[in-house]
Amino acid sequence: MKALKLQYIEDKLGKKVAVILPVDDYKNMLKRLEELEDTIKDMSEEFDIPEAHQKLVNERFKKARKDPDRLLDWDKAKEKLKA
């Protein structure tokens, strides 16, 4: 994959707030994203996930969204598991 020719727009403090890229690069990114979405969709159709498992995962996502501070980042979780 070739390197993208990105340009940035910065605010008055120098913080990057937007990205400009050539139209061809943008179109290529969209094409690749669509291909990736198709691949993921095809892969997901290969697996039959029981409804009870789907429900459990959805409930956990809801809890995480409701109280994101209860979540650990990966490094902290690893350390906790090692203890």
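Analysis parameters
- Residues numbered from 1 in each chain as written.
- Predicted model: local features only at pLDDT ≥ 70, side-chain atom pairs only at ≥ 80, totals over all residues.
- Heavy atoms only, no water.
- Phe/Tyr/Trp six-rings, centres within 6.5 Å; stacked < 30°, edge-to-face > 60°.
- Lys NZ or Arg CZ within 6 Å of the ring centre and 35° of its normal.
- Helix = DSSP H or I, 4+ residues; strand = E, 2+ residues; numbered from the N terminus.
- Patch = residues over 30% accessible without salt bridge, like charges linked within 9 Å, V, L, I, M, F, W, Y side chains within 5 Å.
- Areas by Shrake-Rupley, 256 points an atom, 1.4 Å probe, with all protein chains shown as cover.
- Salt bridge = Lys/Arg side-chain N within 4 Å of Asp/Glu carboxyl O.
- Lys, Arg positive; Asp, Glu negative; His and termini not counted.
- Charge placed at Lys NZ, Arg CZ, Asp CG, Glu CD.
- Buried < 20%, exposed > 50% of the residue type's maximum accessible area, 1.4 Å probe, protein only.

K.L.:
Explain the packing of aromatic side chains here, please?
P.N.:
Geometrically, a pair of aromatic rings is defined through the distance of the ring centres and the angle of the planes. Taken as a whole, this structure holds zero aromatic pairs when the rule is applied. One cation-aromatic arrangement involves Lys16 over Tyr8; the distance from NZ or CZ to the ring centre is 4.0 Å.

K.L.:
Just to check I follow, could you spell out the environment of Phe61 for this structure?
P.N.:
Checked against the element boundaries, Phe61 lands in helix 2 (residues 51–66). Linking Phe61 and Glu34, residues 27 residues apart in sequence, is a C-alpha distance of 25 Å.

K.L.:
Explain a negative patch on the surface here, please?
P.N.:
Among the surface-exposed residues, Glu34, Glu35, Glu37, Asp38, Asp42, Glu45 and Glu46 lie close enough to one another that they form a single negatively charged patch. Note on placement: Glu35 falls in helix 1 (residues 23–45). Classification of Glu35 as partly exposed rests on a relative accessible area of 41%.

K.L.:
Sorry, what's going on with the pattern of salt bridges here?
P.N.:
Working definition: two side chains of opposite charge can pair if their charged atoms are close together. Evaluated as defined, the whole model comprises two salt bridges. Its salt-bridge partner being Asp75, residue Lys78 comes within 4.0 Å of it at the nearest N-O pair. Separated by three residues within a single helix, Lys78 and Asp75 lie in helix 3 (residues 74–82), roughly one turn from each other. Lys78 sits in the partly exposed class, given a relative accessible area of 31%. Residue classification places Asp75 among the exposed positions, given a relative accessible area of 52%. The salt bridge partner of Lys82 is Glu79, with a shortest N-O separation of 4.0 Å. Of this pair, Lys82 and Glu79 are both found in helix 3, three residues apart, which corresponds to roughly one turn of the helix. Among the residues examined, Lys82 registers a relative accessible area of 64% and is labelled exposed.

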